[in-house]
Amino acid sequence: MAFSRRAAGSLAATAILALALSASPALASPALASGPTGTEFPQAGRAGAGSSQAGQSTRAAQVAQAAQVARAARTTQAGKVTSTTVQLELRQDGVLHVKEEVVFEGDAPSRGIVDRTRYDDSSDRLYRVTGLKGDATLTGETITLKGAGSATLEYDVQGAVTPLADAQELRWYAVGAWSVPVEQARVSVSGPATMQSLSCFAGPLTSAIACTEASMDHTGVTAEFGQQDLGAGEVLTVVVGYPTGATQGAPVLERRFELSNAFTLNAVTGGALAGLLLLMLGGLALLYWTRGRDARVVGHESGSLSGVENGHFTPPDGVRPGQIGTLMDEQADVIDVTATIVDLAVRGYLRIDEQSRQTYETPDWSLVRMPAAQVASLMPYERELYNAIFDGRDAVLLSELQGSFGAKLGKVREALYRDVVTQGWFARRPDTVRTRWTTIGVVLTGLGVLATVGLAWFTTYGVLGLALIIAGAALAVGGQYMPAKTAKGAGALAHTLGFREYLSGADIGGDVPVAQRVELFSRYLPYAVIFDSVDRWARVVSSVTGNGQQADHLYWYHGPAEWDLSRFADSMRTFTMTTSGAISTTRQFRSL
């Protein structure tokens, strides 16, 4: 029963303190308090710490109501503090030494310590109680007496002195928040200099009611305060003013985290943020200019190129369709593989047979291995694709390209990236360069997040961390553009773009012998797949044959029995779309 009464008293006292501290921004008190004889003692209050009269009244009412609830909850606890005598000695170093002598009845009571108050918009004020000795124990914010009938305890308080413009103020909650009523409380204060002012307040923590006694002796070095009949949870606060420089004391402040001040934007932080952004983004621009920019090519290397020499197809720089996509956008794409399959068919390594189907059936094609094909002469990425398609088979339906095909396409992608380095178009693999710079950007962004959190938590300069986040994000995105072509690669790209210009708008076939048109235009077709001109060139191919007459099929593309070349354009468009879709499902290549 005694334990439950002490627990109820302690919880109620803690509730009062918590409500009071949250309710009062500065724990401000009125400017004047009356002494026992009617003499007024001016209070040495911190400038700017007050609040509106209405706000003070509301907060005081809230705390008073909490005190009433606490007292009602404690009516079952037997006991009281008959008298408490507190001696406060303010030392030169600003430390307040406290000695308390308590006489009580019933169970050993406990009292709450005010160890934190709101100082300003960004900081809390701490009162550090240390060195407790005597008949008591300190647990968190609560001092609990030991023994029976009486107790003596001593401790030191740091942070009770506030320097003001023309004075120093000592403020301490000398008799505070006992778990039982206090019949008589006496407080004496002595310090290193003559007192300039004094005041005291009794009641709830934010009470504006003066205590019953407040006086100083004729020397002005010692003051006496007194109060009778303090209720459980009520506080006797003493305030004494000293001349400037009387002690070395200062408030102990702890920054309070709030989003409103963690990202303060003013002339200093705004200027610093702008400077950091300018420095970091300028550094990224310089990095791209020196590391990510393609080598320049001379002007005569650009312009339209037909890809025909002496009546034979000769692509610029010998670039194959599958290489063009990686050369142009530095990515191994689905369309690069689709164009390579068409190119292998046109060059006689496989044949594409369109399957017969009903009107509403899904179209399908059979890829047939050509027995006389010299597979050893293929480029490494072409050979990897050829093996992935057939995998020991002589023919395979496009709809059945799954399983091992998808796994082996990863080797095709790797071979394509290695090939552009082997050709001398890139100094390093484009995918490796992108991954490296993107990873650095992501790490930099993560460091920026950590820096922002740290700055926001411990300072008001959290906005500066945003510069690192922005720079990291810019590098992560810009890393996609960091692969740089060599002079040879830039020249090959210029020639390739000239070839694309020719394919997209040239006068077709005017200078090409009729007998060579099917083969030559078929060789153009895989490049047209890459350049998104497949419809145009498929129609061109379907319009001519070796003797200028319509035919039922091409040497590399066979249709079903009812099919002829007039349908080739539609068939070719559907084939490229279906093939690209099948490759996309493997997730080995980037889809456009």
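Residues numbered from 1 in each chain as written. Predicted model: local features only at pLDDT ≥ 70, side-chain atom pairs only at ≥ 80, totals over all residues. Heavy atoms only, no water.

Draft legend 1. How the structure looks around the environment of arginine 91. Mapping arginine 91 onto the fold places it in the loop between β3 (80-90) and β4 (96-105). Note: C-alpha distance between arginine 91 and alanine 246 (155 residues apart in sequence) is 9.3 Å. What arginine 91 contacts, discounting residues up to four positions off in sequence, is His97, Asp156 and Thr247. (Helix = DSSP H or I, 4+ residues; strand = E, 2+ residues; numbered from the N terminus. Contact = heavy atoms within 4.5 Å.)

Draft legend 2. Quick look at a nonpolar patch on the surface. A cluster of nonpolar side chains, contributed by Phe257, Leu259, Phe263, Leu281, Trp457, Phe458, Leu466 and Ile470, occupies part of the molecular surface with about 780 Å² of accessible area. Of all the elements in the fold, those that place two or more residues in the nonpolar patch are α9 (430-458) and α10 (465-478). Checked against the element boundaries, phenylalanine 257 lands in the loop between β19 (252-255) and α3 (259-262). (Patch = residues over 30% accessible without salt bridge, like charges linked within 9 Å, V, L, I, M, F, W, Y side chains within 5 Å. Areas by Shrake-Rupley, 256 points an atom, 1.4 Å probe, with all protein chains shown as cover. Salt bridge = Lys/Arg side-chain N within 4 Å of Asp/Glu carboxyl O.)

Draft legend 3. Spotlight on the pattern of salt bridges. Considering all chains together, one arrives at 17 salt bridges under this definition. A salt bridge links glutamate 414 to arginine 413; the nearest nitrogen and oxygen atoms lie 3.5 Å apart. Among the residues examined, arginine 413 registers a relative accessible area of 22% and is labelled partly exposed. Through salt bridges with shared partners, a single network forms among Arg320, Asp343, Arg347 and Glu382. (Buried < 20%, exposed > 50% of the residue type's maximum accessible area, 1.4 Å probe, protein only.)

Draft legend 4. Up close: the sheet that holds β19. In spatial order, the strands read β6-β7-β19; together these three strands make up an open sheet with antiparallel pairing. Lying at the two open borders of the sheet, with one neighbouring strand each, are β6 (116-118) and β19. The sheet shows a mean angle of 35° between the axes of neighbouring strands, direction not considered. (Pairing = 2+ DSSP bridges. Axes fitted to C-alpha atoms, helices over the stretch in contact; angles between N-to-C directions.)

Draft legend 5. Structural context of the pairing of strand β23 (residues 365-369). Within β23, four of the five residues are buried, which leaves it mostly tucked inside the rest of the structure. Pairing of strand β22 (residues 350-354) with β23 involves five bridges; the strand directions are antiparallel. By the bridge assignment, leucine 350 is partnered in β23 with arginine 369. Bridge analysis of β23 against strand β24 (residues 395-397) gives three bridges, and the strand direction is antiparallel.

Draft legend 6. Here's a closer look at the nonpolar core. Among the nonpolar cores identified, the biggest contains 62 residues, and Ile389, Trp556 and Phe568 are the most heavily contacted of them. Per element, the largest residue contribution to this core is nine residues, and it comes from helix α12 (residues 517-530). Contacts of phenylalanine 568, omitting those with residues within four sequence positions, involve Leu525, Ala538, Val541, Ser542, Leu554, Trp556, Tyr557 and Trp563. Counting 50 residues, the second-largest nonpolar core is a separate cluster that includes Val86, Ile113, Ala136 and Val182. (Core = buried A, V, L, I, M, F, W, Y, C linked by side-chain atoms within 4.5 Å.)

Draft legend 7. Structural view of the environment of threonine 247. The residue threonine 247 is located in the loop between β18 (235-242) and β19 in this model. Under the relative-accessibility criterion, threonine 247 is labelled buried at 5%. The spatial distance from the C-alpha of threonine 247 to the C-alpha of glycine 191 is 8.9 Å, given a sequence separation of 56 residues. A polar contact is formed between the side chain of threonine 247 and the backbone nitrogen of glycine 249, at a distance of 3.2 Å. (Polar contact = N/O pair within 3.5 Å; in protein donor to acceptor, adjacent residues only side chain to side chain.)

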